[in-house]
Amino acid sequence: MNIEKENLVRALSDKPLFARNQWQCAFGIHTWLPWEDPIKANRASWQYLEQFRHCGCCNKAQRRVLAKN
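Asker: Lay out the overall build of the protein chain in plain terms, naming residues and giving numbers.
Answerer: A tally of regular secondary structure across the protein chain gives two helices and three strands. The order of helices and strands in the protein chain, counted from the N terminus, is α-α-β-β-β. The C-alpha atoms of the protein chain give 15 Å as radius of gyration, which overshoots the globular expectation for 69 residues (11 Å, by more than 25%). Projected onto its principal axes, the C-alpha coordinates of the protein chain cover approximately 45 × 30 × 15 Å. Counting all 69 residues of the protein chain, 25% fall into the buried class. Counted over contacts in the protein chain with a minimum sequence separation of 6, partners at least 24 positions apart contribute 26%. When the accessible surface of the protein chain is split by element, carbon and sulfur atoms take 54% of a total near 5200 Å². Positive and negative side-chain charges in the protein chain, numbering 11 and 6 respectively, have mean positions lying 9 Å apart.

Asker: Lay out the side chain of Thr-31 in plain terms, naming residues and giving numbers.
Answerer: Inspection of the secondary structure puts Thr-31 in the loop between helix 2 (22-26) and strand 1 (39-43). For Thr-31, a relative accessible area of 17% corresponds to the buried category. Leaving out residues up to four positions away in the same chain, Thr-31 has contacts with Phe-18, His-54, Cys-55, Gly-56 and Cys-57.

Asker: Give a detailed account of unusual backbone geometry, specifying residues and quantitative values.
Answerer: Notably, Ala-44 is not glycine yet its phi reads approximately 60°, a positive angle. One can find Ala-44 in the loop between strand 1 and strand 2 (46-54). Judged by its relative accessible area of 84%, Ala-44 is exposed. With phi around 70°, Asn-59 is a residue other than glycine that occupies positive phi space. Turning to its location among the elements, Asn-59 is positioned in the loop between strand 2 and strand 3 (61-68).

Each value, and the rule that gives it
- Residues numbered from 1 in each chain as written.
- Predicted model: local features only at pLDDT ≥ 70, side-chain atom pairs only at ≥ 80, totals over all residues.
- Heavy atoms only, no water.
- Helix = DSSP H or I, 4+ residues; strand = E, 2+ residues; numbered from the N terminus.
- Rg over C-alpha atoms; globule rule 2.2 N^0.38 Å.
- Buried < 20%, exposed > 50% of the residue type's maximum accessible area, 1.4 Å probe, protein only.
- Contact = heavy atoms within 4.5 Å.
- Areas by Shrake-Rupley, 256 points an atom, 1.4 Å probe, with all protein chains shown as cover.
- Lys, Arg positive; Asp, Glu negative; His and termini not counted.
- Charge placed at Lys NZ, Arg CZ, Asp CG, Glu CD.

Given below as C-alpha cells:
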C-alpha cells in the first residue's frame, strides 16, 4: 500500500496522517506499514511461512521468516 492510500484510510478513520518525507528514506529512516498476513512460500525444497511490510514513502520491502520446514 502506498502512502496516498494509507493517508486516505487514516483520514477516514480520524488518525494522524503520514508525512511524505522521502529524504528520510535516503538515510534509512522509513515509515513502515504494518506487517501483512503470513503466507506460505516454497523455495527449492524448503517451505517458508513469511511476512512482508513496506515503507509508505519509498515502497521498500522487508521480509520476516516465521517458520522454515
